[in-house]
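Observations on the model geometry
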Amino acid sequence: MELVDGVSSYRRAAERVEDVARDLHLAVAARRRGEHRDLEQGQRRLEDLVLDLSHALPAGTQDYEARVLFEHVLRLRRALEPAEPDLQEGLLVLIQLMGVLKRLERKLEHTRIEDPAEATQFVLDCLRGVPDGEVAELLGVSTRTLGNWRTGSVPRTQGADRLLLIAQVLMYLRPSMTPRGLALWFRSRNPGLDQLTPVQLLEKDLREAELRLRQVARGGRGQLAT
């Protein structure tokens, strides 16, 4: 569960950075309009929180993105120097900084679901409230096996490839769907799959499903057939 805890800690730290970055963005924009705003305090607070964020990252993960984050903080400091601040540059850097936060979160989530035990928890979290029978059908296992997975039994061979694929697909779909909507998506005909349902494709050919389901979910073609 170390990686799960790392992702949760990262999210909490990232939310604090985003809140301060958003406030600082508003303050810089107001300063450009000629309003008097103190930028130094918000800037110092942002630097402290980015440092906290770097400590929240799981050890050894996403070193490149973390370095880019610090580079943005340095650029922001230079852009907002009190003597002659470059407010336009400051706004741009803040937008880029928030983009790095989102990329880091996505990469950490992808790392998390490469492990069967973490992928199981991720799928169950995404489909919280969906009846066990529907979840078991989607995963291609019995309700008894699903019950074992819920209690921590790690899927190593039976169903592991299908489980990991479903977790990856859910990663793309989850931001725009409820748990019930996600379950419905897998059981509904999809024009991007030649009118097959995702479950049908999973049953027909797992290797083909690995290629097509990720593409459909990632490409914004998750719409249901009418």
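The shown structure was predicted, so the numbers you read here are calculated from the model rather than taken from an experiment.

**Thoughts on the overall build of the protein chain**
In terms of regular secondary structure, the protein chain is built from eleven helices and zero strands. Along its sequence from the N terminus, the protein chain presents helices and strands in the succession α-α-α-α-α-α-α-α-α-α-α. Summing over all exposed atoms, the protein chain offers an accessible surface of approximately 12300 Å²; the carbon and sulfur share of this is 48%.

**Examining the environment of Ser153**
Inspection of the secondary structure puts Ser153 in the loop between helix 7 (143-150) and helix 8 (160-173). Residues Ser153 and Thr120, spaced 33 residues apart in sequence, show a C-alpha to C-alpha distance of 9.6 Å.

**As for empty space enclosed by the protein**
Within this structure, the stated rule accounts for one cavity of 30 Å³ or more. Of the pockets and cavities examined, the largest cavity occupies roughly 50 Å³. Lining the largest cavity, in full, are Leu127, Val130, Glu134, Val135, Leu138, Ala183, Phe186, Arg187 and Val199. Sort the elements by how many residues they give to the lining of the largest cavity and helix 6 (residues 132-139) lands first, with three residues.

**A closer look at the packing of helix 6 against helix 7**
Relative orientation of the contacting elements helix 6 and helix 7 amounts to 95°, with a least axis distance of 9 Å. In terms of orientation, helix 6 lies roughly perpendicular with respect to helix 7. In contact with Asp132, Gly133, Val135, Ala136 and Leu139 of helix 6, helix 7 contributes Thr143, Leu146, Trp149 and Arg150.

**Some points on the nonpolar core**
With 36 residues, the main nonpolar core has Leu139, Leu170 and Leu213 as its most contacted residues. Mapped by element, the contributors of at least two residues to this core are helix 5 (116-126), helix 6, helix 7, helix 8, helix 9 (179-186), helix 10 (198-204) and helix 11 (206-218). Contact partners of Leu170, with chain neighbours within four places excluded, come to Phe122, Val123, Cys126, Leu127, Leu182 and Phe186. Counting residues in hydrophobic clusters, the runner-up holds 33 residues, among them Leu53, Leu87, Leu101 and Leu104.

Calculation notes
Residues numbered from 1 in each chain as written. Predicted model: local features only at pLDDT ≥ 70, side-chain atom pairs only at ≥ 80, totals over all residues. Heavy atoms only, no water. Helix = DSSP H or I, 4+ residues; strand = E, 2+ residues; numbered from the N terminus. Areas by Shrake-Rupley, 256 points an atom, 1.4 Å probe, with all protein chains shown as cover. 1 Å grid on protein atoms, 1.4 Å probe; cavity = no way out; pocket = protein on both sides within 12 Å on 5 of 7 lines; lining within 4 Å. Points joined across faces, edges and corners; volume = space filled by probe spheres on them. Axes fitted to C-alpha atoms, helices over the stretch in contact; angles between N-to-C directions. Parallel < 35°, antiparallel > 145°, perpendicular 65-115°, else oblique. Contact = heavy atoms within 4.5 Å. Core = buried A, V, L, I, M, F, W, Y, C linked by side-chain atoms within 4.5 Å. Buried < 20%, exposed > 50% of the residue type's maximum accessible area, 1.4 Å probe, protein only.

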